[in-house]
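So the chains spell out like this:
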Amino acid sequence: MALRMWASSTANALRLSSVSTRPHFSPLSRCFSSVLDGLKYANSHEWVKHEGSVATIGITDHAQDHLGEVVFVDLPDVGGSVTKATGFGAVESVKATSDINSPVSGEIVEVNSKLSETPGLINTSPYEDGWMIKVKPSNPSELESLMGSKEYTKFCEEEDASH
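Residues numbered from 1 in each chain as written. Predicted model: local features only at pLDDT ≥ 70, side-chain atom pairs only at ≥ 80, totals over all residues. Heavy atoms only, no water.

1. Some remarks on the pairing of strand β7 (residues 97-101)
One face of the sheet, then the other: side chains in a regular strand alternate in exactly this way.
Link 1 in the chain: Bridging between strand β6 (residues 87-93) and β7 involves 5 bridges; their strand directions are antiparallel. Pairing of A90 across the sheet is with D99, part of β7.
Link 2 in the chain: What sits between the antiparallel neighbours β6 and β7 is a turn of 3 residues. (Pairing = 2+ DSSP bridges. Helix = DSSP H or I, 4+ residues; strand = E, 2+ residues; numbered from the N terminus.)

Here is the structure:
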């Protein structure tokens, strides 16, 4: 009997609280995308992991989430160069095709060839197996203008709230 009364009062409390004090979840709550510490982020939603003389570049979890299922990736050749804030490739998803911009300038030293056969790696592992290119930065100071994880998280929340 006591358990039934507790359950009934709890249910009533939940019903009442859901009317007046229910937390408001805006669309930015879908920004549950992972943002990793130790990476730098561009406002065009690419990430950079700088290790030694090489910068690994890919698109963020937030970007892949908005794109949906990635079905094709167009990447440049090794030996080419990229320029900061300029496109180097494209990602095609079931929703759209998006250009991928380089967050830094430099020479392309490696391309993720796995993406040509398994483009979905961008969805399932955007920060690990889904990386796109590796670059030898020509101007490492460009990394200083990129966002850290906290700044990028706030940027995504503000961007989502405005849409």
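2. Overview of the nonpolar core
Link 1 in the chain: Counting 25 residues, the largest nonpolar core has F88, I122, M132 and I133 as its most contacted members.
Link 2 in the chain: With residues near it in sequence (within four places) discarded, F88 still touches I57, D74, L75, P76, V82, I100, N101, S102, M132 and I133.
Link 3 in the chain: Counting 8 residues, the second largest nonpolar core, distinct from the first, contains W47, W131, Y152 and C156. (Core = buried A, V, L, I, M, F, W, Y, C linked by side-chain atoms within 4.5 Å. Buried < 20%, exposed > 50% of the residue type's maximum accessible area, 1.4 Å probe, protein only. Contact = heavy atoms within 4.5 Å.)

3. Examining the side chain of Q64
Link 1 in the chain: Here Q64 shows up in helix α2 (residues 61-67).
Link 2 in the chain: Overall, Q64 belongs to the buried group, its relative accessible area being 9%.
Link 3 in the chain: Apart from residues lying up to four places away in sequence, Q64 is in contact with I59, I122, N123 and P126.

4. Here's the deal with a nonpolar patch on the surface
Link 1 in the chain: Together, V71, F72 and V94 give the surface a local cluster of nonpolar side chains, amounting to about 270 Å² of exposed area.
Link 2 in the chain: When you line up the elements, V71 lands in strand β4 (residues 70-74). (Patch = residues over 30% accessible without salt bridge, like charges linked within 9 Å, V, L, I, M, F, W, Y side chains within 5 Å. Areas by Shrake-Rupley, 256 points an atom, 1.4 Å probe, with all protein chains shown as cover. Salt bridge = Lys/Arg side-chain N within 4 Å of Asp/Glu carboxyl O.)

5. Concerning the environment of T86
Link 1 in the chain: Mapped onto the fold, T86 is located in the loop between β5 (81-82) and β6.
Link 2 in the chain: Considered as a pair, T86 and V104 are 18 residues apart in the sequence and their alpha carbons are 9.0 Å apart.
Link 3 in the chain: In contact with T86, not counting residues within four places along its chain, are I100, N101 and S102.

6. A word on the pattern of salt bridges
Link 1 in the chain: Taken as a whole, this structure holds 2 salt bridges when the rule is applied.
Link 2 in the chain: Between E51 and K49 there is a salt bridge, with its nearest N and O atoms 3.8 Å apart.
Link 3 in the chain: With relative accessibility at 48%, the residue E51 sits in the partly exposed group.
Link 4 in the chain: Judged by its relative accessible area of 32%, K49 falls in the partly exposed class.

7. A word on the sheet that holds β4
Link 1 in the chain: With antiparallel pairing, the 3 strands of this open sheet are ordered in space as β4-β6-β7. Sheet topology places β4 and β7 at the edges, where each strand pairs with a single neighbour. Averaged over all pairs of adjacent strands, the angle between strand axes in this sheet comes to 25°, irrespective of strand direction.
Link 2 in the chain: Bridge analysis of β4 against β6 gives 4 bridges, and the strand direction is antiparallel. The residue of β6 that forms the bridge with V70 is S93. (Axes fitted to C-alpha atoms, helices over the stretch in contact; angles between N-to-C directions.)

8. Let's talk about the side chain of E46
Link 1 in the chain: Locating E46 in the fold gives a position in strand β2 (residues 46-51).
Link 2 in the chain: Buried and without a salt bridge, E46 has K84 as its closest oppositely charged side chain, separated by 10.0 Å.
Link 3 in the chain: A distance of 2.3 Å separates the side chain of E46 from the side chain of S44, its partner in a polar contact. (Lys, Arg positive; Asp, Glu negative; His and termini not counted. Polar contact = N/O pair within 3.5 Å; in protein donor to acceptor, adjacent residues only side chain to side chain.)

9. Looking at the sheet that holds strand β9 (residues 133-137)
Link 1 in the chain: Ordered in space as β1-β2-β3-β9-β8-β5, the 6 strands form an open sheet in which the pairing is antiparallel. A single partner strand is all that each edge strand has here, and the edge strands are β1 (40-41) and β5.
Link 2 in the chain: Taken together, the 2 bridges between β5 and strand β8 (residues 106-111) define a ladder with antiparallel strand orientation. Residue pairing across strands places V82 opposite G106, the latter belonging to β8.

All quantities given are derived from atomic positions and should not be read as evidence of function.
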